[in-house]
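Single-letter residue listing:
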Amino acid sequence: MVKVSVSEGVLEGSHEKNEYGGSFYSFKGIPYAEPPLGDLRFKAPQPPKTWTGVRSAKDFGPICYQMNPITKTPWGSEDCLYLNIYTPNLKPEKPLPVMFYIHGGSFAIGGSNDDMYGPEFLIRHDVILVTINYRLEVLGFLGLDSEDAPGNAGMKDQVQAMKWVKKNISSFGGDAENITIFGNSAGGVCVSFHLMSPMTKGLFRRAIMQSGTCTCFWSMPFEPREVVLALAKQLGCHSSDNKVLYEFFKAQPVDSLINLQIPTTMAIKAKNSSEIYFAVVSEKSFDNIERYWSGNSYDGVRSGIHEGVEVMNGYVEDEGIMTAIMTCRNDFTVLMPRFNQFLEEYVPRPITWHCTLVDQFEVGRRIKQFYFQDKKMTFDVINELVKMFSMAAMVYDIIQWQKVCARFSSNKLYFYRFTCKSERNIMANMFGYWKVVGDKKTTCHVDELAYLFPCKGRIKRTEPGTKTFQMIDNVTKLWTNFAKFGNPTPDDSLGVQWSPFTLEEQNYLDIGEDLKLCANPEDDQLPFWEDIYRRYLPQRSHI
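Residues numbered from 1 in each chain as written. Predicted model: local features only at pLDDT ≥ 70, side-chain atom pairs only at ≥ 80, totals over all residues. Heavy atoms only, no water.

Q: Sorry, what's going on with the packing of helix α12 (residues 357-372) against helix α17 (residues 526-536) here?
A: To describe two helices that pack against each other, one gives the angle between their axes and the distance between the axes. For the pair α12 and α17, interaxial distance at closest approach is 12 Å and the crossing angle is 170 degrees. Compared by their axis directions, α12 and α17 come out roughly antiparallel. Contacts between α12 and α17 involve Asp359, Glu362, Val363, Arg366, Ile367, Phe370 and Tyr371 from the first element and Phe528, Trp529, Asp531, Ile532, Arg535 and Tyr536 from the second. Each residue belonging to the contact of α12 with α17 can be placed in one class, and the counts come to eight nonpolar, no polar and five charged. (Axes fitted to C-alpha atoms, helices over the stretch in contact; angles between N-to-C directions. Helix = DSSP H or I, 4+ residues; strand = E, 2+ residues; numbered from the N terminus. Parallel < 35°, antiparallel > 145°, perpendicular 65-115°, else oblique. Contact = heavy atoms within 4.5 Å. Nonpolar A, V, L, I, M, F, W, Y, C, P; charged D, E, K, R; others polar.)

Q: Looking at this model, I keep getting lost on the pairing of strand β1 (residues 2-6). Mind explaining?
A: Successive residues of a regular strand alternate their side chains across the two faces of the sheet. Residues of β1 alternate between two faces, with Val2, Val4 and Val6 buried on one and Lys3 and Ser5 left unburied on the opposite face. Bridge count between β1 and strand β2 (residues 9-17): five bridges; the pairing is antiparallel. Within the sheet, the bridge partner assigned to Lys3 lies in β2 and is Glu12. Between β1 and the antiparallel strand that follows it, β2, lie two residues. (Buried < 20%, exposed > 50% of the residue type's maximum accessible area, 1.4 Å probe, protein only. Pairing = 2+ DSSP bridges.)

Q: Explain unusual backbone geometry to me, please; I cannot follow it from the model alone.
A: Its identity is not glycine, yet Ser185 carries a phi of approximately 60 degrees, on the positive side. One non-glycine residue, Asn259, adopts positive backbone phi at about 55 degrees. Take Asn259: it is sitting in the loop between α6 (242-251) and α7 (266-271).

Q: What's the story with the environment of Lys376 in this structure? I'm lost.
A: With respect to the helices, strands and loops of the structure, Lys376 is situated in the loop between α12 and α13 (382-408). Sequence spacing of Lys376 and Phe339 is 37 residues, and the spatial spacing of their C-alpha atoms is 9.0 Å. When near neighbours in sequence (up to four residues on either side) are disregarded, Lys376 contacts Asn340 and Val381.

Q: Looking at this structure, how should I read the pattern of salt bridges?
A: Side-chain pairs of opposite charge can arise whenever the charged atoms involved come near each other. Applying the stated criterion to the full structure yields 28 salt bridges. Taking the shortest distance from any N to any O, the salt bridge between Glu78 and Arg41 comes out at 2.6 Å. Taken together, the residues span a long stretch of sequence, with Glu78 in the loop between β6 (74-75) and β7 (82-87) and Arg41 in the loop between β3 (23-31) and β4 (54-56) at a distance of 37 residues. Through salt bridges with shared partners, a single network forms among Glu19, Arg461 and Glu463. (Salt bridge = Lys/Arg side-chain N within 4 Å of Asp/Glu carboxyl O.)

Q: Whenever I open this one, the nonpolar core confuses me. Can you help?
A: Note on soluble globular proteins: their nonpolar side chains tend to be buried together. Judged by nonpolar contacts, the single largest core of 185 residues is most densely connected at Phe249, Phe278, Trp479 and Ile511. When residues of this core are assigned to their parent elements, the largest contribution, 16 residues, is made by α13. Setting aside chain neighbours within four positions, we find Phe278 in contact with Ser106, Phe107, Glu137, Val138, Phe141, Leu142, Val227, Val228, Leu231, Leu260 and Ile262. (Core = buried A, V, L, I, M, F, W, Y, C linked by side-chain atoms within 4.5 Å.)

Q: Teacher, can you tell me more about α13 here?
A: For α13, which comprises 27 residues, the first-to-last C-alpha distance of 37 Å matches the rise-based estimate of 39 Å (1.5 Å per residue) to within 8%. Remark: the principal bend of α13, roughly 55 degrees, maps to Met391. For α13, a buried count of 21 out of 27 residues is recorded, marking the element as mostly surrounded by other parts of the structure. (Expected span 1.5 Å × (residues − 1). Bend = angle between axes of the 7 residues up to and from the residue.)

Q: Hey, could you run me through the side chain of Gln252 in this one?
A: Checked against the element boundaries, Gln252 lands in the loop between α6 and α7. For Gln252, a relative accessible area of 12% puts it in the buried group. Apart from the residues within four sequence positions on either side, Gln252 is in contact with Arg41, Leu235 and Leu257.

Written as structure tokens, this is what we have:
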């Protein structure tokens, strides 16, 4: 019997063998807030109620209600505010560092269960792993600019989970003063907003952003009010009154609030691409309601992140594969004809939002010439297209986050480029990309997760002693060293010293089969993109 007392009562977990060595204690499905049902839909989370007796913590709680991307059927529940804790030692001699993971999934899908995010790799390095569920899509990110639904409920869920962990983690052997938050994609975006939100100050010591920062254009929806009104009309409500809208959305069956396509412009409708419609919004100020975030993300980073928090940030080599998949909704036959016909296809989204059509044509010409010269767009140039997509959707803004932060903050910063390739890199194949390019090894968006977590619902077991497992060992040591010491390479055991990133010395670590310290990331492409943004949209630049 494994029992732990927390602020709400007693939990009973389990003691599990780690197939990669040792064992750990597991506590699943812990409620960190009241179920956000009825009048609590769209509201900030409320602290959980106490319980009597012993509560079982041997099964996962439900994930947020969503469309399963594999089976194309709904699953989960609105009652989803649960977290899981895995610890190697309930009573260590010295409290253990805590790693608090925020899953990605375009703010619309995902969950915390161990089919993806099991502890077996990380826990070998004497850290505690916490994984959480939070509200997604409309349930988590509906913003009406009103007291009833100010927005960012999903972000406030994460804050409530952090508060619960900080309050209770010592009962699991954890150090409440040494918590590292980390996340991938939309989870990385969440981490970077937590670095700025007034609600999160003092809740964590370190942060890791993987393939996503608040400066990525998709982190905040374009004209979110128009998205809300378009959804209301789509569901049958033509009012623009906030009270009417709130009551309407609150009464909707949950099936109406997931897996949404809500084109708000003719261009988006014509492209029929996958979009992120619900994400972080700038909240209005209301009396007696704590505001999570307000403002522009680039300006937020310029104003400075939480003082003293150490940060790791980076991206994977072929980020643009996922962008290609989303751009054509997995129908690659439509991709090249659009690029051959329309210059706007080459234009990064922020410039389409803020610049004239004349400017867009000029930007399109410049980008097309830079990457493709006079070549016809065919799958022969797919590698160049992926490079372009990578910079436009992810890498430019991720590097700019690093540069802006280095310029305006004194925090210690680390930067990486992830290039590991093995049988664990499955994302491109899952979406049919290899059918287009042949069986070519890539490091796609999300692929680094398979070196941090077993992902046992998706990937076959990797045997210790193999070249692939050596990469897993390297990656997990880098991440857990950072969580323990604020330095991913505190000694020479990995054969490299990862130097911090500054504007003067733009160091980064290439994390592949070997670990290589490099400088000036993407220096063959970045100056071109920085010139584009300085000329057409200077507010999205570190200058």
